[in-house]
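Summary of structural features
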Amino acid sequence: MHEEMSQLLTALRGAKDFETAAAATLRRMLFLAQETVASSRYAARARVLRGIVHLRPGEAYRRLAALDVGSSEITDASVGTPFFTSATAWRAVVEHRCAVSIDVNVGTVQPHAPNAPVTGDPGLAGFHSNESRQRFLGRHATHVCVLPLRTPAGGIEGMISLEADCLAAMGQEFVWLTVGDRLQLLADVAAPYLAGLPQRPVATPEMDEYLPVVGRSMAELLPILRVFALQDETILISGATGAGKSRLARWCHERSNRRGRPFETLDLVTVPEDLQMAELFGWKKGAFTGAVKDAPGSVARADGGTLFIDEIDKLSLKAQAGLLHLLESRSYRPLGEGTGERQADVRFIIGTNADLHAEVRAGRFREDLYYRVNVLPVRMPALQERADEIPLWARYMVNRRHRERSPEGSARVTPDAERLLVGSSWPGNLRQLDNIVRRAYTLAMVEQPAATGELVLQEKHVARALDYEQTPGGKPLPEALRAAAQAFVAEARKRPLDLDLAEAFRGLVLGMAIRQVGRDEGFKLLGRESLVKNRNHHKALKRELDKVEALYKALGEEHSPFADLLSEDEAA
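Below you will find a few notes about this structure. (Residues numbered from 1 in each chain as written. Predicted model: local features only at pLDDT ≥ 70, side-chain atom pairs only at ≥ 80, totals over all residues. Heavy atoms only, no water.)

Digging into the sheet that holds strand 5 (residues 143–150)
So the rule is basically this: If DSSP finds at least two bridges between two strands, the strands pair. To qualify as a helix, a DSSP run of H or I must reach at least 4 residues; to qualify as a strand, a run of E must reach at least 2; elements of each kind are numbered from the N terminus. Every axis corresponds to a line fitted to the C-alpha atoms, with the helix fit spanning only the stretch in contact, and the corresponding angles, defined between N-to-C directions, vary from 0 to 180 degrees. Contacts were defined at the residue level, with two residues in contact if any of their heavy atoms lie within 4.5 Å.
The strand order across the open sheet formed by 6 strands is 2-1-6-5-3-4, and the pairing between neighbours is antiparallel. Sheet topology places strand 2 (63–68) and strand 4 (108–111) at the edges, where each strand pairs with a single neighbour. Taken pair by pair, the neighbouring strands of this sheet meet at an average axis angle of 20°, ignoring direction. As paired elements, strand 1 (residues 47–55) and strand 2 share 6 bridges and run antiparallel to each other. Paired with Gly 51 across the two strands is Leu 67, which belongs to strand 2. Lying over the sheet, helix 2 (residues 18–38) contacts strand 1, strand 2, strand 5 and strand 6 (156–165), oriented at roughly 145° with respect to strand 1.

Points about the pattern of salt bridges
Opposite charge on two side chains lets them pair, provided their charged atoms get close. Stated precisely, the cut-off is as follows: By convention in these notes, a salt bridge is any Lys or Arg side-chain nitrogen within 4 Å of a carboxyl oxygen on Asp or Glu. Working definition: with a 1.4 Å probe on protein chains only, accessible area under 20% of the residue-type maximum means buried, over 50% means exposed, and in between means partly exposed.
Throughout the structure, instances matching the rule amount to 39 salt bridges. A salt bridge links Glu 220 to Arg 216; its shortest N-O distance comes to 3.9 Å. On the criterion of helical spacing, the pair formed by Glu 220 and Arg 216 is a turn pair, its members being 4 residues apart in helix 6 (residues 216–229). Looking at Arg 216, the relative accessible area reads 60%, which means it is exposed.

Quick word on unusual backbone geometry
Peptide bonds are trans in most cases, and residues, glycine excluded, mostly fall at negative phi. Even without a glycine there, the phi angle at Glu 59 is positive, about 80°. Secondary-structure assignment places Glu 59 in the loop between strand 1 and strand 2. For Glu 59, a relative accessible area of 22% gives the class partly exposed. One non-glycine residue, Glu 311, lies in the positive phi region at around 55°. Among the secondary structure elements, Glu 311 is positioned in the loop between strand 9 (306–310) and helix 10 (317–329). We classify Glu 311 as buried; its relative accessible area is 6%.

A few points about helix 21 (residues 537–554)
The criterion, for reference: Given a helix with a known number of residues, its expected span is that number minus one, times 1.5 Å.
Between its first and last C-alpha, helix 21 extends 26 Å over 18 residues, near the 26 Å set by a 1.5 Å rise per residue. Taken residue by residue, helix 21 has His 537, His 538, Ala 540, Leu 541, Glu 544, Leu 545, Val 548, Glu 549, Leu 551 and Tyr 552 as its buried positions. Lining the buried residues of helix 21 we find helix 17 (477–492), helix 18 (504–517), helix 19 (519–525) and helix 20 (529–533).

Quick word on the packing of aromatic side chains
Cut-off, in case you're wondering: Aromatic rings from Phe, Tyr and Trp, with only the six-membered ring used for Trp, were paired whenever their centres fell within 6.5 Å, and each pair was classed as stacked if the ring planes differed by under 30 degrees, edge-to-face if by over 60, and tilted otherwise.
Counting across every chain of the model gives 7 aromatic pairs. Arranged with centres 5.9 Å apart and planes meeting at 20°, the rings of Phe 281 and Tyr 332 form a pair that is stacked. Placement of the pair is Phe 281 in helix 8 (residues 276–281) and Tyr 332 in strand 10 (residues 331–332), with a sequence separation of 51 residues. With a relative accessible area of 5%, Phe 281 lands in the buried category. Using a relative accessible area of 5% as the deciding quantity, one classes Tyr 332 as buried. Considering the side-chain rings of Tyr 370 and Tyr 371, the 5.0 Å spacing of their centres and the 75° angle between planes classify their relative orientation as edge-to-face. Look at Tyr 370 and you get buried, because its relative accessible area is 4%.

Right, dumping it as structure tokens:
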């Protein structure tokens, strides 16, 4: 064992990237597993198949590398059978912080920790879904050992799974417990290298209308997303509001086997709690007050295609139970329909900006539903983490806006303007950036009202657009309010301004609160927690921001500073 450790450390120290480190680690772990099988009672009836490194810091997948026995190179994860393990196995690894053994045919998951219970219901194949069992058997894996990638600080950054084929050991103890401690030692040595080394440079991805900009961090994420896109299991996309989750969901749909079929979005922020079940499953005439005719729900409209459910954390506990039933049975019943259930041929992609695990601990999200949707988890980086994309997005956005006005024209952003954008903070992510670019474009058009060719977005235009986002320079509130009132009166002396337009102040306050602390927290901060609880705050926000829009139009502005807050798309 000392020699194996020494060889592995030498290889890891010389590795320049994740893939090289993964291959070195798996090669030695597979060799150790083969030695153990050869000296066991299953020597003539078992074969070790492959090893797989699953790097998933913070629960979200980042990288995947597989090595088949006899191969010298990492297998392309986008070709052939997908190399995913069971969600139940990951759950057990995290809970017990130790290796687990899976008997695929019997459906048991056995933690290697002393006195840990063996989990698994033969009727459920011991996994979170029958798909897990079929996926293992599809690559001839009957016995699997899953080991945590434990960092020196005590975190779990992912796992390594080793797969073997041995029907003779069905229902009996295989070799994993015998060799588990030595395998775990190798995994512990490799973990810091696997978590810390960069990915091999990837080819510049082909950009399209769904992801027109791809920076370095997104380019590293796309290979595993291509693999996820080809599966029919649920993808969970986490990330800040406005980061581009709906764009990513549509990108996955267009690269799936369901492309060309419906892509439906259900944004739960816009749906009152008492209508969530109806929006999901549809209803029959007379099912509730206002149901004057039959209506299909999102599931029916997405039939054969993909349903993207955004802000899943906003789903009520009652609706969570309905969604859980749908995911488990692939069947549902519209509201008001008497008997029988309809089959759902739908692939689900879920979006959230919340920590769902924390929501589970707080009792606001069902644990069983959490493990149902957390099958293929990925994290969408915030725009601030993708700073190299900011100039590219700004160019794309300003040209898109200019083509709306002048189809034959073009627009560009000066380097100074781009540097100013990169140096700014973007808590609102792509939505906020688009709003700033549109505002700067309007300011540039004031100087070039007849521009039909090239329009240049300069640093001064961006600076003025950003100024709208800034808070007053430390003035006491009474003084700032007096200044705002004086400015309103001064403007009214130049052009007709109705006093009712001053009601926009409520919307300005609300918009600024949302910009600073988020939508739900903004309402709560301003004493409107009941609206959030009843899921009526979206309507209230629209009502107040409509007044802000009216004021800005009266002042000759094309858009208000908060026009992006009501966008229905994840990124404009």
